[in-house]
Amino acid sequence: MNNHREPRLPSRIRIVVADANVLYSRCLRDYLLYAGEHGLIAPHWSGHILADMADHLIKNRSNFDQDAAQRLTAAMTNAFPDALVTPLPEHFDRLQNYVLPDDDDRDVIASALAVEASIICTNNLKHFPKNVMNDLGIVAITPDTLFVQLINDDLAQMIEVHNDSVRYFHGATDASTLSALRRARASRTADLMGQVLGLGG
């Protein structure tokens, strides 16, 4: 359905560790979590990732405070009780010989190792060098790439993912959700879903 050359991903249910910059965005988070509810992926995150998400939401959203952060993380944990992962020292030890652009991302990669994730979903690909990911057997991809491939693989389920994202966010419409995806750097996802919904590319 698209002309972009994408990394080859496993066909089984994908174990995905979500970076904080993906969970920060409401529309990306909703698409990711509803894809999990529909059995397309198995989403995971660490306490460090959740704290990073919450800190940035509190800092950047005037109507988002510590109580809102606690409600959000509790809702995510309740919906996916097996998603929270605590990487062990042995997982960090596997990374000690690698130089990373941002040392904070060691937690993200160690979390992926802890749950044997095949994918790290992030909008900061430059923080996850390909040589490191290749050595560890992990693919780092953007949410846009992930969602496009899920649409290609299981369109019917991804339509339900989109419908849930609209249905359960107060005041959302198909058009507003697609616009939010574009603002969150998931424009190819929005274009494909817009075509499917008859809203244009």
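Residues numbered from 1 in each chain as written. Predicted model: local features only at pLDDT ≥ 70, side-chain atom pairs only at ≥ 80, totals over all residues. Heavy atoms only, no water.

S.K.: So, the overall build of the protein chain: which residues are in play, and what are the values?
M.R.: Each helix and strand counted, the protein chain has eleven helices and five strands in total. Whereas a compact globule of 201 residues would reach a radius of gyration of roughly 17 Å, the protein chain reaches 16 Å, a difference of no more than 12%. Based on the C-alpha atoms only, the size of the protein chain along its principal axes is roughly 50 × 40 × 25 Å. Per-residue burial over the protein chain gives 50% buried out of 201 residues. For the protein chain, the share of sequence-separated contacts (at least 6 apart) that also reach a separation of at least 24 residues comes to 67%. As displayed, the protein chain has an accessible area near 10,100 Å², and 47% of this comes from carbon and sulfur atoms. With 18 positive and 25 negative side-chain charges, the protein chain shows a separation of 7 Å between the mean positions of the two kinds. (Helix = DSSP H or I, 4+ residues; strand = E, 2+ residues; numbered from the N terminus. Rg over C-alpha atoms; globule rule 2.2 N^0.38 Å. Buried < 20%, exposed > 50% of the residue type's maximum accessible area, 1.4 Å probe, protein only. Contact = heavy atoms within 4.5 Å. Areas by Shrake-Rupley, 256 points an atom, 1.4 Å probe, with all protein chains shown as cover. Lys, Arg positive; Asp, Glu negative; His and termini not counted. Charge placed at Lys NZ, Arg CZ, Asp CG, Glu CD.)

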